[in-house]
Amino acid sequence: QSAKAATHFTPSKEDYQKVYNRIADLVADAGDYDDGSYGPVLLRLAWHSSGTYDKESNTGGSNYATMRFEPESLHGANAGLNVARELMEKVKQEFPWISYGDLWTLAGVAAIQEMGGPKIPWRPGRIDGVASQATPDGRLPDASQGADHLRQIFYRMGFNDQEIVALSGAHALGRAHRDRSGYDGPWTFSPTTVTNDFFKLLFDEKWVWKKWEGPKQYEDKKTKSLMMLPTDYVLTQDKSFKKHAKAYAEDQDLWFKDFSKAVSRLFELGVPTSQFVTSEPWIMANVDEQPA
Ligand code: DDH
């Protein structure tokens with residue numbers, strides 16, 4: 001137990017940068033895990049801890065990190081995220097003063113930035129909550145559904161169509177796992193680099209239903225090595241979603257800009273403004289921007 005946790009310790013931006021750096025080490029040190037990076041699964045943890053927000057009741061979101069508790073940790077949508085939570089436990093041991101909500105969202109920021117994505121403005125202030133603050137199952141999107149469902153889920157968080165599409169571009173990263181969601185495979189050929197390839201591939205490839213025993217998903221006709229979920233494909237079918245998806249396919253800078261804004265907001269859902277230690281969010285430095 002660090003003396004810092006016992007006394008009144010007010011961490012500075014430099015202290016949070018140390019945590020960021022430690023997370024970045026772990027992201028890169030993934031050995032044979034998946035595609036050689038923990039970045040995607042860490043981003044998914046940050047997103048699922050934030051995306052439970054409901055603006056009407058002002059419940060859920062990243063403030064209390066309630067995914068630490070059952071039954072939220074056992075919700076179907078969170079299958080496999082124990083990998084990310086256990087990894088972050090190592091960082092928590094080293095920096096016991098950081099709250100889980102700050103740690104998990106900072107991990108999402110580090111994952112995006114270290115995998116070549118845009119800067120994600122971030123600030124600390126989340127506090128550890130209790131199990132009774134956990135949200136009911138069903139607040140995160142169901143991949144088998146369509147445009148109405150996407151709007152229902154994301155409007156509830158306070159996002160609009162453009163932001164829904166911008167956020168969905170996160171599927172440039174990582175892969176679906178048979179033993180987690182039931183789906184299978186990566187969305188892009190570079191699942192550990194942040195690019196707008198998710199949008200490009202949506203329009204450039206021909207997507208057909210995969211013939212298998214698993215849940216309904218698309219595969220690219222040409223290589224049969226990539227996948228799209230029904231909720232991904234609908235971004236090319238719904239008129240309003242399509243307009244934004246096309247714009248992001250044609251302009252990576254535009255997507256980076258909109259993705260950064262939307263993710264920054266996503267990670268702050270459910271956190272009272274008064275809890276933040278700074279009114280102006282910080283830009284954390286990437287590992288390669290710091291002296292070795
Ligand atoms: Fe996602 N996502 N996601 N997703 N997601 C999965 C994996 C990853 C949906 C379903 C799935 C976002 C939106 C949606 C990431 C980030 C984000 C998987 C596969 C499913 C299923 C899980 C597994 O088997 O391991 C659906 C549905 C939506 C939606 O309706 C919009 C958003 C907004 C983000 C974000 O980060 C902002 C990432 C990263 C992964 C890859 C995880 C991994 O382990 O690799």
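Residues numbered from 1 in each chain as written. Predicted model: local features only at pLDDT ≥ 70, side-chain atom pairs only at ≥ 80, totals over all residues. Heavy atoms only, no water.

**Description of the site of the ligand**
For step 1, the next point in the chain: Looking at the ligand, there are 24 residues lining it, with Leu150, His171, Arg175, His177 and Ser181 nearest.
For step 2, the next point in the chain: Here a nitrogen atom of the ligand and a side-chain polar atom of Trp47 are 3.2 Å apart.
For step 3, the next point in the chain: A distance of 2.9 Å is found between a nitrogen atom of the ligand and a side-chain nitrogen or oxygen belonging to His171.
For step 4, the next point in the chain: Listing elements by their share of the shell around the ligand, those giving two or more residues are α3 (39-50), α6 (147-157), α7 (161-168) and β1 (175-176).
For step 5, the next point in the chain: No other element matches α3, which puts five residues into the shell around the ligand.
For step 6, the next point in the chain: Grouping the amino acids of the shell around the ligand by side-chain chemistry returns 15 nonpolar, six polar and three charged. (Near = heavy atom within 4 Å. Polar contact = N/O pair within 3.5 Å; in protein donor to acceptor, adjacent residues only side chain to side chain. Helix = DSSP H or I, 4+ residues; strand = E, 2+ residues; numbered from the N terminus. Nonpolar A, V, L, I, M, F, W, Y, C, P; charged D, E, K, R; others polar.)

**A word on the coordination of the iron atom of the ligand**
Each donor-metal-donor angle in an ideal tetrahedron of four donors is 109.5 degrees, and each such angle in an ideal octahedron of six donors is either 90 or 180 degrees.
For step 1, the next point in the chain: From the protein, the iron atom of the ligand takes a single donor atom, His171 (NE2), 2.1 Å away.
For step 2, the next point in the chain: Examined against the element boundaries, His171 turns out to sit in the loop between α7 and β1. (Donors = N, O, S within 2.8 Å, 3.2 Å for Na, K, Ca; no water.)

**With respect to the nonpolar core**
For step 1, the next point in the chain: The biggest cluster of nonpolar side chains holds 84 residues, and the ones touching the most others in it are Val19, Ile23, Leu42, Met88, Phe154 and Leu235.
For step 2, the next point in the chain: Sort the elements by how many residues they give to this core and helix α5 (residues 100-114) lands first, with nine residues.
For step 3, the next point in the chain: Not counting the four nearest positions on each side in its chain, Val19 is found in contact with Val91, Phe95, Trp97, Ile98, Leu103 and Leu106. (Core = buried A, V, L, I, M, F, W, Y, C linked by side-chain atoms within 4.5 Å. Buried < 20%, exposed > 50% of the residue type's maximum accessible area, 1.4 Å probe, protein only. Contact = heavy atoms within 4.5 Å.)

**Observations regarding the sheet that holds strand β3 (residues 207-209)**
For step 1, the next point in the chain: Taken together, three strands build an open sheet; the order of strands is β3-β4-β5 and the sheet is antiparallel. This sheet does not close on itself; its edge strands, each paired only once, are β3 and β5 (227-228).
For step 2, the next point in the chain: Relative to strand β4 (residues 218-220), β3 is paired through three bridges, and the arrangement is antiparallel. Looking at the pairing, Trp207 lines up with Asp220 of β4. (Pairing = 2+ DSSP bridges.)

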